[in-house]
Every structure is written in structure tokens, then in C-alpha cells.
Amino acid sequence: MAYWHFITFLYTIFHAVAFLKFSNGADTLFPNQTIVNGQTLISHSQMFEVGFFSPGASANSFLGIWYRNTPDVICWVANRNDPIRDPEGVSLAIDRNGTLVISSPGRVIWSANSSGRVASNPILQLLDTGNLVVVDEAGESSSQESYIWQSFDYPSDTRLPGMNMVDDPDTGQEKYLTAWRNADDPSPGNFTYRIENHGLAELVIFQGTTKKYRSGQWDGLGFTGVSPNPGPAFKSNSKFKNDVLVSLFETYNYSFVARLTMETSGIVQRYSMNEKKDKWNLVFSLPRDPCDNYGQCGPYGICSTDKKPICECLKGFSAKAQQDWDWSSGCARIRPLNCGDGDGFIGVPGVKFPDMLKFWLNTSMTIGECQAKCLKNCNCTAYANPYITDGHSGCLIWYGDLIDVREVYGADSKQIVYIRLPVSELGRKNEDLELPLFKLSMIAAATNNFSSGNMIGEGGFGPVYKGNLSAQEEIAVKRLSKTSTQGLEEFKNEVILIAKLQHRNLVRLLGCCIEREERLLMYEYMQNGSLDYFVFGMAKEVP
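Note that this is a predicted model, so its numbers are computed, not measured.

Here's the deal with the overall build of the protein chain
Counting secondary structure elements, the protein chain contains 6 helices and 40 strands. The buried share of the protein chain, taken over its 543 residues, is 51%. At a minimum sequence separation of 6, the contacts of the protein chain that also span at least 24 residues come to 54%.

And the structure:
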């Protein structure tokens, strides 16, 4: 018993000595220690540093976290709304209850209360992830759930790997990025970047309450307005609750240093650090181009970036304004809907779905049931399968204007929105099967602009090309030769025939293209040779 009393005595003496003076550059702060101006905590890996700083030309001070090798990049600010006017005598401390306090003599400037859990020995530690945490020194777990308090729960303008963006409708919990007011003032500015759960989850940039950019809806694999497989710089993990996406985060990887920042300009920028870990490289920005600007082409307009941003009207609509440069008013129907059996649909694949301003969502309906429900309501303007997973079940219906549609190169061909039109605008009979119409620019991009290296055969109809709509989806494109005797009506009849035959599992026809002088059929590419015969007939394969 005397031995254990002696050990306890030594432990007490050790901590008493530690409390006397803070060791500048350590990664841990104990109760009764303080950090003053000029002193910092440094993470074990030497990546992050926390202390007091003055941004830009400002005379005010703040407590923040920055990258040690690039100290001008601040990734978190504690007292954003409580600037330190006079740094004289200001210090940071953690009390016995685990509460962080920034104070000056006789005044508390800022404090961060713990989660309510009681800790016998609370300490403040700067982790290698850049997360500043209060933990119980006597605890055994180092998971986020064991933290009494953490800076990752209170994002500033930067998301680091391991930090969650959250929008939980059940609990009301939100975690999002807010830009600085300007380069000299880290107080919350006017731009935010957040998850918005309005029917289906999206990532949205707001200026105040005005949308400036949206990612498109979550479709089960990704966001409909974001090109798939953009590389390791944008691989996020998702968390769901009752089929609702409530959280996005990136797994921490020490070998890959990256950050996502909501800039004061209203642009979200993604950076990665070079191998020397002393310089940042810009990976991408959001919005990526003018087509990403919210509502760039107005109602019923669609934006594409074939060499340069171009606004066009969806089929069956025409531009309201006469000037090419003014698309704010968008497009209007050429002919009104018939409201009933006199209407049909045209499939538009590979686009960011319209904003869900007025909508109806069901997660179990079939696509056929969805179409029937849309036709029963005269205000229904479009429908889609909201998910490209789980057997393509579900029904998303839009009412009113369709806004903020853009082409997305590399999008899954199953990502189709069906636009309602009067039969007179469809160019087919009402009983014919609707088939998605692909843009010529999208098919050209998939086939390397119909390069000879992508040509896999040629028959009487014309050449056939192999292409890639995305990394996971290969296609075969049958191109009507300009010397072919087959006319437009014969081409349409063949499309209808094949669309009906595909229900007998002969082949899967993805869609077609009737644009300019081009007549194209798109099939699912099959390696077993059966597609060759069906597409080519007795065509000769290219050596």
C-alpha cells in the first residue's frame, strides 16, 4: 500500500511541475497552463500550429490554427465574432471542467463549453489532423466520440480531411463553411457552402439566402451536376440516416495534404500540398465555369461547354429574348401542353437535374408509374428516376419551371430527366417509346471526336465507334453514313423498332442523336460479339 501512495505522490509532483510553465511548441496544454501571444501548440507531425495571430493589415488578434509550413493559410478561427482589440495580457487556458477560455485581465473574451461530459483530467491537444480537441487524459479512447470538445464541430471557412459537413433534418444539426468577411477580417462573411436537404441532398453555395451554385441532387452514387471520378482530391465519404444524406467527410490521409476553402470571393477552391509540403496547388474551383452559375440559362434553358459556354433551349422551347447574350428570362414553350393523352416525354440524358423548387418525391415507384402520375397532373413538367442504384426505383416529379440545367460530361447514361411536351413537338406518334436524345457534343467527346482509333467496324449503314461515357460505362455508337440512302423517317423507324426489341433482351439501346446532319444510335457495348452482329449486320471488322 505504501508503494502505491509513493507512486501517486510522484505523479502529483510531476503534474504540478508541468503546470508551472507551458513548454512552447508542445502539442498539449494542461489545466493551469496558459498560452500567450507568441507561444503556440504544434501538432506531433509538425503540420499544424495554433496560437494568436493578426490577419492581413488588421490590428486585431484572433486564436487560430494554421499550417506551420505555410502560416499565411489559416484553417480555423476560434473567436471570429470576438476580436482581441488589445493583445496585452491575453491568454488561452483550459479549466478543470474542460472549458477553453480566452481572457485578458479581468475579462473573458471568448469561451468554448465542453459537451457536458465530466473529465477527471481534461487536456487540450492539437492533433495531426488539424483538429484542436479537449480530451480526458485518463481516458483510453481517441475517437471523435470520446472528445469532450473539438474544433471540427465548429468549422470556419476551411474543411480538412476528417471534418464533417452536416445537415441533419431530424436533429437540426448543421456544420458548414462560412467565408471570411475579407482578408483582414475573419468574422463570418456573406458566402456559405453547405449540404442542403430539400427532398434530395445537394451541395450549395449561398450568398446570403441566394443560391449561387449547386452540385445537383444526390443520385445514390454522386451528385448529378458533378463529373464522376475527379480523382483523389474529391473523394468524399457519405453518411445516411433514413435514406437521407446527412454528412460528408474525407478520410484523413497523412501522405495526401488537402483542404477545401470557401473564399471571400464566393468561390469554393480545392487545394493540395506539393511533395515538399511548402506550397499549395489549386485542384479545382466551384463554380467550375459559367455553366455552373445558378440559373445561367434561365427557365427551360440548358448550358453546355463545348469549347465555350453556350445556352440553348430544351427541345420544344424557344428563347424569350432576341439577344444571344441575354438568357436571364430563359425559354418558353413553342406550343402549350395538351394536358392528358396528347402529351408525351423526351428523355434528356447526362445533365444536372433541374432545381427542386416545386416537386414530389417517392422512393419506391417504378419509372412507368412515375410517368403515369406525371401525366395525370397538368402542372407536372418533368419526371426522373432519382436514383441510379437499387434497380433504378423511385420517382421525382417537377412542377413549374425547370431551372439550372447543364450538361455533365462523363455522366451515367441512366441519369435521364424526361421533359413533358405536346405530341406535336415530339416528332413521333404518341404510342412510340420515348428514348433519350443525347447531345452530339457528348457523343463526340465519348468517341474522341469519332477518331479512327475508336472505330471498331463498318457496315452498309456506316461506321461504328467504341466510346466511354464514363470510366465505368462503355458504349458503341452507330453513325449513319452521309452517303447512306436511309433517310430521317427510316432512321426514326429503326430507333422505334430497336427500342421495342430491346425488351426481348437482344440488346440495350441507350439513346440516339438527331442533330445537324448527324444520325447516331448509342448501344451498351458488349464484349461477347453479339452486339457486333446486331449493329453491323454482316459488317467487316476493322483490323
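Things to note about the packing of aromatic side chains
The final tally for this structure, using the stated rule, is 13 aromatic pairs. When the ring of Phe53 is compared with that of Trp66, the centres are 6.2 Å apart and the planes differ by 70 degrees; the resulting orientation is edge-to-face. Of the two residues, Phe53 is situated in strand β4 (residues 48–53) and Trp66 in strand β5 (residues 62–67); the sequence distance between them amounts to 13 residues. Taking the relative accessible area as the measure of exposure, Phe53 reaches 10% and is therefore buried. A residue is classified by how much of its surface remains accessible, and Trp66, at 9% relative accessible area, is buried.

Let's talk about the sheet that holds strand β3 (residues 40–42)
Read across the open sheet, the 4 strands follow the order β3-β4-β5-β6; overall the sheet is antiparallel. Single-partner strands in this sheet number two, and they are β3 and β6 (74–77). Along the sheet, successive strands turn relative to each other by an average axial angle of 25 degrees, direction set aside. Bridge count for β3 against β4 is 3 bridges, and the pairing is antiparallel. Paired with Leu41 across the two strands is Val50, which belongs to β4.

A word on the state of the cysteines
In protein chemistry, a disulfide is the covalent bond that joins the sulfur atoms of two cysteines. Applying the stated rule across the entire model yields 6 disulfides. In this model, Cys297 is linked to Cys311 through a disulfide, with the two sulfur atoms separated by 2.0 Å. Between Cys297 and Cys311 the sulfur-sulfur dihedral comes to about -80 degrees; the bridge is accordingly left-handed. One end of the pair, Cys297, is in the loop between β24 (280–286) and β25 (301–306); the other, Cys311, is in strand β26 (residues 308–313), and 14 residues separate them in sequence. Grouping residues by exposure puts Cys297 and Cys311 together as buried. For the protein chain, the bonded cysteines pair up as 1-3, 2-4, 5-6, 7-10, 8-12, 9-11 when numbered in the order they occur along the sequence. Cys513 takes part in no disulfide bond, and the closest cysteine sulfur, belonging to Cys512, lies 7.5 Å away.

What about the pairing of strand β8 (residues 100–104)?
The element β8 is extensively covered by neighbouring structure, given that 4 of its 5 residues are classed as buried. Two strands pair when backbone bridges link them, and strand β7 (residues 91–94) and β8 are joined in this way by 4 bridges, in the antiparallel orientation. Within β8, the position partnered with Ser91 by the bridge is Ser103. Taking the residues that link successive antiparallel strands as the turn, the β7-β8 hairpin has 5 residues, and the phi of Gly98 there is positive, at about 90 degrees. By the bridge criterion, 5 bridges tie β8 to strand β9 (residues 107–112) in an arrangement that is antiparallel. Counted as the bridge partner of Ile102 is Trp110 from β9.

A closer look at the nonpolar core
Nonpolar side chains in soluble globular proteins tend to end up buried together. Tyr67, Ile102, Leu124 and Leu132 are the most contacted members of the largest nonpolar core, which totals 37 residues. With 27 residues, the next largest nonpolar core counts Cys297, Cys311, Val348 and Tyr387 among its residues.

Focus on the confidence of the model for the protein chain
Mean pLDDT for the protein chain: 84, with 82% of residues reaching 70 or above. In this model residues 3–20 is a low-confidence stretch, pLDDT under 50, and it forms 10 contacts with partners more than four residues away in sequence or in other chains. Counting contacts from residues 429–433, a segment whose pLDDT is below 50, to residues more than four positions away or on other chains yields 9 contacts.

Considering the sheet that holds β24
Strand order in the open sheet formed by 4 strands is β13-β22-β23-β24, and the pairing between neighbours is antiparallel. Unpaired on one side and paired on the other, β13 (158–159) and β24 mark the two borders of the sheet. When β13 meets strand β22 (residues 258–262), the two strands line up antiparallel, connected through 2 bridges. Looking at the pairing, Thr158 lines up with Thr261 of β22.

Here we look at the pattern of salt bridges
Counted according to the given criterion, the structure contains 20 salt bridges. Between Glu49 and Arg68 there is a salt bridge whose closest N-O contact spans 3.8 Å. A residue pair is termed long-range when its members are at least 10 positions apart, and Glu49 in strand β4 and Arg68 in the loop between β5 and β6 qualify at 19 residues. A residue is classified by how much of its surface remains accessible, and Glu49, at 12% relative accessible area, is buried.

A look at the environment of Glu425
Position of Glu425 relative to the elements: it lies in helix α3 (residues 423–426). Glu425 sits 82 residues away from Asp343 along the chain, and the two C-alpha atoms are 9.1 Å apart. Beyond its immediate stretch of four places on either side in the chain, Glu425 contacts Lys315, Gly316, Ile334 and Arg335.

Side note on the pairing of β7
Where strand β2 (residues 34–36) and β7 come together, 3 bridges link them in antiparallel fashion. Paired with Thr34 across the bridge in β7 is Ala93.

Here we look at the environment of Phe461
Note that Phe461 resides in the loop between β35 (455–458) and β36 (463–470). Judged by relative accessible area, which is 13%, Phe461 ranks as buried. In this structure the C-alpha to C-alpha distance between Phe461 and Arg479, which are 18 residues apart in sequence, comes to 7.4 Å.

Examining the side chain of Asp219
Turning to its location among the elements, Asp219 is positioned in the loop between β19 (210–214) and β20 (237–241). Asp219 sits in the buried class, given a relative accessible area of 4%. Among residues more than four places away in sequence, those in contact with Asp219 are Thr224, Pro386, Tyr387, Ile388, Thr389 and Gln415.

Points about unusual backbone geometry
Cis geometry marks the peptide bond from Leu286 to Pro287, where omega comes out at 0 degrees. Positionally, Pro287 belongs in the loop between β24 and β25. Positive phi, close to 70 degrees, is recorded for Gln46, a residue that is not glycine. Despite not being glycine, Asp404 shows a phi value in the positive range, around 70 degrees.

Each value, and the rule that gives it
- Residues numbered from 1 in each chain as written.
- Predicted model: local features only at pLDDT ≥ 70, side-chain atom pairs only at ≥ 80, totals over all residues.
- Heavy atoms only, no water.
- Helix = DSSP H or I, 4+ residues; strand = E, 2+ residues; numbered from the N terminus.
- Buried < 20%, exposed > 50% of the residue type's maximum accessible area, 1.4 Å probe, protein only.
- Contact = heavy atoms within 4.5 Å.
- Phe/Tyr/Trp six-rings, centres within 6.5 Å; stacked < 30°, edge-to-face > 60°.
- Pairing = 2+ DSSP bridges.
- Axes fitted to C-alpha atoms, helices over the stretch in contact; angles between N-to-C directions.
- Disulfide = S-S within 2.5 Å.
- Core = buried A, V, L, I, M, F, W, Y, C linked by side-chain atoms within 4.5 Å.
- pLDDT = per-residue confidence, 0-100.
- Salt bridge = Lys/Arg side-chain N within 4 Å of Asp/Glu carboxyl O.

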